[in-house]
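# Inside the fold
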Amino acid sequence: MKLLKDILYGVHLTAVSGTTSCDIASICFDSRQVQKNDVFVAIKGTLTDGHKYIDAVVKAGARAVICEELPDTMQDEVTYVEVENGNQALAVMASNYYGNPSKNLKLVGVTGTNGKTTVSSLLYQLFIKAGYKVGLLSTIKIMIDDAEYPTKHTTPDALVINKYLEMMNEAGVEYCFMEVSSHGIHQKRTEGLVFEGAIFTNLSHDHLDYHKTFAEYRDTKKKLFDQLSKSAFALTNIDDKNGLVMLQNTKARKFTYALKNYADYRAQILENQFDGQLLKIDEHELWTKLIGHFNAYNMLAIFATADLLGLQKLETLRLISELDNVDGRFQYFISKNRITAIVDYAHTPDALKNVLETINTLRTGNENVITVVGCGGDRDRSKRPVMGNIAADMSNKVILTSDNPRTESPTEIIAEMEAGVEPQHFKKILSIENREQAIKTACQLANDNDIILVAGKGHETYQETNGVRVDFDDFKIVKEVLNNLDK
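Rules behind the numbers
- Residues numbered from 1 in each chain as written.
- Predicted model: local features only at pLDDT ≥ 70, side-chain atom pairs only at ≥ 80, totals over all residues.
- Heavy atoms only, no water.
- Helix = DSSP H or I, 4+ residues; strand = E, 2+ residues; numbered from the N terminus.
- Buried < 20%, exposed > 50% of the residue type's maximum accessible area, 1.4 Å probe, protein only.
- Polar contact = N/O pair within 3.5 Å; in protein donor to acceptor, adjacent residues only side chain to side chain.
- Contact = heavy atoms within 4.5 Å.
- Pairing = 2+ DSSP bridges.
- Axes fitted to C-alpha atoms, helices over the stretch in contact; angles between N-to-C directions.
- Parallel < 35°, antiparallel > 145°, perpendicular 65-115°, else oblique.
- Left-handed = near helix turned anticlockwise from the far one by under 90°.
- Nonpolar A, V, L, I, M, F, W, Y, C, P; charged D, E, K, R; others polar.
- Phe/Tyr/Trp six-rings, centres within 6.5 Å; stacked < 30°, edge-to-face > 60°.
- Core = buried A, V, L, I, M, F, W, Y, C linked by side-chain atoms within 4.5 Å.
- 1 Å grid on protein atoms, 1.4 Å probe; cavity = no way out; pocket = protein on both sides within 12 Å on 5 of 7 lines; lining within 4 Å.
- Points joined across faces, edges and corners; volume = space filled by probe spheres on them.

### Comments concerning the side chain of Asn114
The residue Asn114 is located in the loop between strand 8 (106-111) and helix 4 (116-129) in this model. Overall, the relative accessible area of 12% leaves Asn114 in the buried class. Of the polar contacts made by the side chain of Asn114, one reaches the side chain of Thr348; its length is 3.3 Å. Contacts of Asn114, omitting those with residues within four sequence positions, involve Thr201, Asn202, Ser204, Thr348, Asp350 and Ala351.

### A closer look at the sheet that holds strand 7 (residues 79-83)
Read from one edge of the open sheet, five strands run 2-7-6-5-4, paired in mixed fashion. Both edges of this open sheet fall to strand 2 (13-17) and strand 4 (27-28), since each of them pairs with a single strand only.

### Notes on the packing of helix 4 against helix 9 (residues 293-308)
Describing two packed helices takes the angle between their axes plus the distance from one axis to the other. Relative to each other, helix 4 and helix 9 sit at 50°, their axes nearing to 10 Å. Taken together, helix 4 and helix 9 sit at an angle that is classed as oblique. In the packing of helix 4 onto helix 9, the handedness of the crossing is right-handed. Where helix 4 abuts helix 9, its residues Thr118, Val119, Leu122, Leu123, Leu126 and Phe127 lie against Asn295, Asn298, Met299, Ala301, Ile302, Thr305 and Ala306. Taken together, the residues of the contact of helix 4 with helix 9 break down into nine nonpolar, four polar and no charged.

### Concerning the packing of aromatic side chains
Taken as a whole and judged by the stated rule, the model has nine aromatic pairs. A centroid spacing of 5.1 Å and a plane angle of 85° characterise the contact between Tyr97 and Tyr98, whose relative ring orientation is edge-to-face. Since its relative accessible area comes to 19%, Tyr98 is described here as buried. With a centroid separation of 6.1 Å and 75° between ring planes, the pair formed by Phe214 and Tyr217 is classed as edge-to-face. Of this pair, Phe214 and Tyr217 are both found in helix 8 (residues 214-226), three residues apart, which corresponds to roughly one turn of the helix. Using a relative accessible area of 28% as the deciding quantity, one classes Phe214 as partly exposed.

### Structural notes on the environment of His459
As for its position among the elements, His459 is in the loop between strand 24 (451-455) and strand 25 (462-465). With 354 residues separating them in the primary sequence, His459 and Leu105 have C-alpha atoms 28 Å apart. Every residue in contact with His459, bar those within four places of it in the chain, is listed here: Thr139, Ile140, Asp327, Gly328, Arg329 and Tyr345.

### Quick look at the sheet that holds strand 23 (residues 429-431)
Strand order in this open sheet of six strands is 19-20-24-21-22-23, and the pairing throughout is mixed. If you trace the sheet from one side to the other, it starts and ends with strand 19 (331-334) and strand 23, each paired once. Ignoring strand direction, the axes of neighbouring strands in this sheet form an average angle of 15°. Alignment of strand 20 (residues 340-344) against strand 24, held across five bridges, turns out to be parallel.

### So, the nonpolar core
One finds Leu126, Phe127, Ile199, Leu235 and Tyr265 to be the most contacted residues of the largest nonpolar core, which totals 42 residues. With ten residues, the top contributor of residues to this core is helix 9. If sequence neighbours within four positions are ignored, Ile199 has contacts with Val108, Gly109, Val110, Thr111, Val119, Leu123, Phe225, Leu235, Tyr257, Ala301 and Thr305. Judged by nonpolar contacts, the second largest core, of 29 residues, contains Ile291, Val355, Leu362 and Val421.

### What to know about the layout of surface pockets
Taken as a whole, the second largest pocket encloses approximately 380 Å³ of empty space. Thr190, Glu191, Gly192, Leu193 and Val194 are, among the 19 residues lining the second largest pocket, the residues nearest its centre. A per-element tally of the lining of the second largest pocket places helix 3 (residues 86-97) first, with four residues. Its residues placed into classes, the lining of the second largest pocket shows seven nonpolar, ten polar and two charged.

Here is the structure:
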């Protein structure tokens, strides 16, 4: 049990009815989970409003209710607290409830459209190799030193974040690397956290179904940097035109990285091959298994972060050369017939373009590039025609297919992708709604030495349709099909 007044420390209160010197068992924002002596936080969400369930949680035994609007009828034995913002209140309360665990380790947030998972995951890998106890909060998984936990969101809710940070404290974790999404920032899930630093990777077309405008999307990312303290560091990619915007109002120490412009940390690509690339960082050459210019930026961000956190530079460069690729990020397999199959999470126009540019840079020109790609349902529709056109323009053959259609019609999603394809590329396009059949068809179309790109799902091992998830692993399927064709 914890006192409500202690849990509310730092929350902006506008009205209180009842005592805050009462014991609280736990915090809930899902009315279905409320039990006796819990505090319920009413959140105005995109699908429902928690204020509708205040009477229900009181009947379930809630000791206190946190809300943006006090109900007309209030029970004497229940404490009601009115706050300015329910999401902000939940985040600060969660941090207080778990003992402000972010203060007891060095927490680094990674934000941007692309590269968040790679940068955070590889920083985790690097610091583990350097001998530290490390935590990771990412799209793919949550790690507490060598213990792995599943995750469903890029940025989990505030209760989950602080619960795992407390577990990291108990495990003696010294550093934690965390993906920070625009949704998470906008919904104030990171309020109350103390960041040692923040990294900006890049910004391109994504999530405009949620943020409505690109400016709003950009400014939401910027809030992570606005909230940093003077002792923290802010590291940004200034080759991206939005990079310096992130630093405009931050109190943190400012650092930049780039491949093209003058910056505090710079890198140069010397060689690029399918099995890796040779980089020059800090006047030293190193070989990395991760290929493409987008990964050169990722490696540079990792090097800069390690330096800002106090690791020795030459040791960091050595460890970077040992890093393995992240699941579903340019993950490739070469069959006996020398057909190269690449699986990548590229689900935005910029990410798809980057991957295809890398492939086209590495190919000899004698082989075909066959791309299998779809767009997720119930997400930003405006990127669908753009991605359809990029795939058609930069590939020899394209198979448009399903990618987590969710509650939308796969046929209509594919039609929206087809609508963006320019007339000269029409002959390149096939539309196969069933994703497994699309991958099989790509494999059957491929000749010796051809390259197959399966884009969009990457590390995901499921396909979601109308609320139902079935097992589906792009890499497993394409590898199995090619192996069978070899036989």
